[in-house]
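The lines below spell out each chain.
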Amino acid sequence: MNEDILPATLDELIATLLTEGHRLVGLFLTPGWRQYQLLIIALLIGAALLLSLLTRTHWDAWARSREGWPKWRLRTLVLLMRRLSLLYFVALSWLTYLVMQQMTWPSRSYVIGVVATLATALLVIALVARAVRNRTIRLVFRWSMWVYATLVALNLTDDVARFLDGISIEIGALHISVLGVMKAVLLVGALLVLVRLASQGASNALARNDDISPSMQVLLAKAVQVLLYGWVFIVAIRTLGFDLTGLAFLSGAIGVGIGFGLQKVVSNLISGIIILMDRSIKPGDVISLGETFGWINALGARYVSVVTRDGREYLIPNEDLITSQVVNWSHSDQFVRLDLNFGTSYGDDPHKVRAVAIAAARSVGRVLAGSGRDPVCHIVGFGDSSVDYVLRFWITDPTAGLTNIRGNVFLALWDAFQAEGISIPFPQREVRMLEDAATPALAAGQGGAD
């Protein structure tokens, strides 16, 4: 901390603020054009309120007719409609200020110019702050911009900048001041907002491009985000005055340490990149990994989100998808074949059983028919109590569930077999009680024991 500059600079700032305060008080108390300007401002406020009341109905009707606009434009329109009085006041105050600048001395419109600047800043800050989603950051942004706009309107920016630059830390050739830190924070905050908007725009543009596969869309979107956020980090370091070449050795040492400590994290990151590049899985695919069966909801940098039919969402590390056996039900296409095993009595005609089973499968809505994927039924063996069959059919929507479609086909088979008199046998056992033979043997056994 520079102790020689701080006390004198602080006194100078306080003296400047007191001088400006006395000057502002004089503007309000000294008779003349200053009072006239206050009266003009009051009239402008009244005119703005009156115009807002007279035209709000018309603007509301016009806004309701903008149904085809994008959502961000509609939100901006709603925000402006809520500040219709402020809009009128900004327009009237600047018009009055420009007219008075041309018709009279500049000092006779000074207060009007200050008020017009502050009103414009209030409107612009309200519009820009909507792009910041975090409430805390939005509040800090609003107050920071409001303070800066006030300093600009009162011509105090140079004095405050000199004071903040005097509060500094010097390490060799490195000079870090409060002013530099504030500039860096504001710059990085603005860049982060722009980067977020740019990355969302790039992701939406990639999602609308049908020529790019879903996995490649995710990979390109992640690459854009990494590049943009990396650029913001470099800009922040350079804004604070750090020499990036001097940090090269330190960053290398830190990178080695992080590599040893975060092996699993790095492994998952690299595995995620490999998955996106080889396009083995993509959002919407239906996969089976161990006992987990579901469809891929999202591909992350560290994990893959898999949603099952019971509503559970499993976050599977990318490394497991690389090193484990994964069944992708929809890798090359959406066609999935399912098999159902059943048996009928030996007294039923197998040709009729096959025809009835195929017709029953076709009657289920999700089962495909035609295009070389008709249901088929084959005899697979002669069992102890039944003739065994396998019924094979195709579907194209595995994300809608496999158990439910199997159940529907089984129900269709049951109804069809009941209607056609085809029986489904079950194992039967016959037990015989040999009481006559058991009694002499028991008696003989007892006699021998005696």
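Calculation criteria
- Residues numbered from 1 in each chain as written.
- Predicted model: local features only at pLDDT ≥ 70, side-chain atom pairs only at ≥ 80, totals over all residues.
- Heavy atoms only, no water.
- Helix = DSSP H or I, 4+ residues; strand = E, 2+ residues; numbered from the N terminus.
- Buried < 20%, exposed > 50% of the residue type's maximum accessible area, 1.4 Å probe, protein only.
- Contact = heavy atoms within 4.5 Å.
- Areas by Shrake-Rupley, 256 points an atom, 1.4 Å probe, with all protein chains shown as cover.
- Core = buried A, V, L, I, M, F, W, Y, C linked by side-chain atoms within 4.5 Å.
- Patch = residues over 30% accessible without salt bridge, like charges linked within 9 Å, V, L, I, M, F, W, Y side chains within 5 Å.
- Salt bridge = Lys/Arg side-chain N within 4 Å of Asp/Glu carboxyl O.
- Lys, Arg positive; Asp, Glu negative; His and termini not counted.
- Charge placed at Lys NZ, Arg CZ, Asp CG, Glu CD.
- Polar contact = N/O pair within 3.5 Å; in protein donor to acceptor, adjacent residues only side chain to side chain.
- Expected span 1.5 Å × (residues − 1).
- Pairing = 2+ DSSP bridges.
- Phe/Tyr/Trp six-rings, centres within 6.5 Å; stacked < 30°, edge-to-face > 60°.
- Lys NZ or Arg CZ within 6 Å of the ring centre and 35° of its normal.
- Axes fitted to C-alpha atoms, helices over the stretch in contact; angles between N-to-C directions.

Q: Describe the overall build of the chain, with residues and values.
A: Scanning the chain for helices and strands turns up 15 helices and ten strands. For the chain, with 450 residues in total, the buried portion stands at 28%. When contacts within the chain are restricted to residue pairs at least 6 apart in sequence, those whose partners lie at least 24 apart make up 63%. Element-wise, carbon and sulfur atoms account for 63% of the exposed surface of the chain, whose accessible area totals about 28,800 Å².

Q: Just give me the short version of the nonpolar core, but keep the residues and values in it.
A: Residues Phe342, Leu391, Phe393 and Val409 are the most contacted members of the largest nonpolar core, which totals 25 residues. Elements represented by at least two residues in this core include exactly strand E8 (336–344), helix H13 (350–362), strand E10 (387–395) and helix H14 (403–420). Ranked by residues supplied to this core, first place goes to H14 with six residues. With near-sequence residues (within four places) excluded, Phe342 lies in contact with Val353, Ala357, Cys377, Val387, Asp388, Tyr389, Leu391, Leu413 and Phe417. In terms of nonpolar packing, the next biggest core, distinct from the first, is built from 13 residues, Ile41, Ala48, Leu86 and Ile112 among them.

Q: Mind laying out a positive patch on the surface, listing which residues take part and the relevant values?
A: Together, Lys71, Arg75, Arg82, Arg130 and Arg142 make up a positively charged patch on the protein surface. With three residues, the single largest contributor to the positive patch is helix H3 (residues 71–82). Checked against the element boundaries, Lys71 lands in helix H3. The class of Lys71 is exposed, set by a relative accessible area of 62%.

Q: For the pattern of salt bridges, give the residues involved together with the corresponding values.
A: Taken as a whole and assessed by the stated rule, the structure comprises five salt bridges. With its nearest N and O atoms 3.6 Å apart, the salt bridge here joins Arg337 to Asp339. In this structure, Arg362 engages Asp374 in a salt bridge whose closest nitrogen and oxygen atoms are separated by 3.9 Å. Highlighted residues: Arg362 in helix H13 and Asp374 in the loop between H13 and strand E9 (376–382), separated in sequence by twelve residues.

Q: Could you give me a rundown of the side chain of Ser305, with the residues and numbers involved?
A: When you line up the elements, Ser305 lands in strand E5 (residues 303–308). Of the polar contacts made by the side chain of Ser305, one reaches the side chain of Glu313; its length is 2.2 Å. The contact partners of Ser305, leaving out residues within four places of it in the chain, are Trp295, Ile296, Asn297, Ala298, Glu313, Tyr314 and Leu315.

Q: Describe helix H5 (residues 110–129), with residues and values.
A: With 20 residues, H5 extends 28 Å between its outermost C-alpha atoms, agreeing within 8% with the 28 Å of an ideal straight helix rising 1.5 Å per residue. By the burial criterion, the buried members of H5 are Val111, Ile112, Gly113, Val114, Ala116, Ala119, Ala121, Leu123, Ile125, Ala126 and Ala129.

Q: Pulling in residues and values, what's your account of a nonpolar patch on the surface?
A: Judged by side-chain polarity, Val265, Val266, Leu269, Ile270, Ile273, Ile274, Met277 and Ile322 come together as a nonpolar surface patch covering roughly 640 Å² of accessible area. On the accessibility criterion, Ile322 (38% relative accessible area) is partly exposed.

Q: Let's hear about the sheet that holds E5: which residues, and what values?
A: Taken together, five strands build an open sheet; the order of strands is E6-E5-E4-E3-E7 and the sheet is antiparallel. For this open sheet the edge positions go to strand E6 (313–317) and strand E7 (327–328), each flanked by a neighbour on one side alone. As judged from the five bridges shared by E5 and E6, these two strands associate in the antiparallel manner. The residue of E6 that forms the bridge with Tyr303 is Pro317.

Q: Can you tell me about the packing of aromatic side chains, naming the residues and giving the values?
A: A full pass over the atoms with the stated rule returns five aromatic pairs. Note on Trp94 and Tyr97: the rings are 5.7 Å apart at their centroids and 85 degrees apart in plane angle, and the pair reads as edge-to-face. One end of the pair, Trp94, and the other, Tyr97, are both in helix H4 (residues 84–103), three residues apart, so they sit about a helical turn from each other. With centroids separated by 6.4 Å and ring planes inclined at 20 degrees, the aromatic side chains of Tyr346 and Phe382 adopt a geometry described as stacked. Separated by 36 residues along the polypeptide, Tyr346 in the loop between E8 and H13 and Phe382 in strand E9 bring together distant segments of the chain. Here the aromatic residues Phe342, Tyr389 and Phe417 are joined through ring pairs into a cluster of three or more. A cation sits over an aromatic face here: Arg373 above Phe335, 3.6 Å from the ring centre.

Q: Explain the pairing of E10 residue by residue, including any values.
A: By the bridge criterion, nine bridges tie E8 to E10 in an arrangement that is antiparallel. Residue pairing across strands places Asp339 opposite Arg392, the latter belonging to E10. Judged from the six bridges that link them, E9 and E10 form a sheet pairing that is antiparallel. Its bridge partner lying in E10, Gly381 is registered against Asp388. Between the antiparallel neighbours E9 and E10 lie four residues.

Q: Account for the sheet that holds E10, naming residues and giving values.
A: Strand order in the open sheet formed by three strands is E8-E10-E9, with antiparallel pairing between adjacent strands. The two strands at the open ends of the sheet, each matched to only one other strand, are E8 and E9. On average, each strand axis in the sheet is inclined to that of its neighbour by 25 degrees, with strand direction left out of account. Docked against the sheet, H13 engages E8, E9 and E10, running at close to 140 degrees with respect to E9. Across the sheet, H14 touches E8 and E10, and the angle it forms with E8 is around 35 degrees.

Q: Report on H14, specifying residues and quantitative values.
A: Compared with an ideal rise of 1.5 Å per residue, which puts 18 residues at 26 Å, H14 spans 26 Å between its outermost C-alpha atoms and is within 8% of the ideal. Elements in contact with the buried residues of H14: E8, H13 and E10. Backbone geometry just after H14 places Gly421 at a positive phi near 75 degrees.

From the geometry alone we can't say anything about function, so treat these as descriptive.
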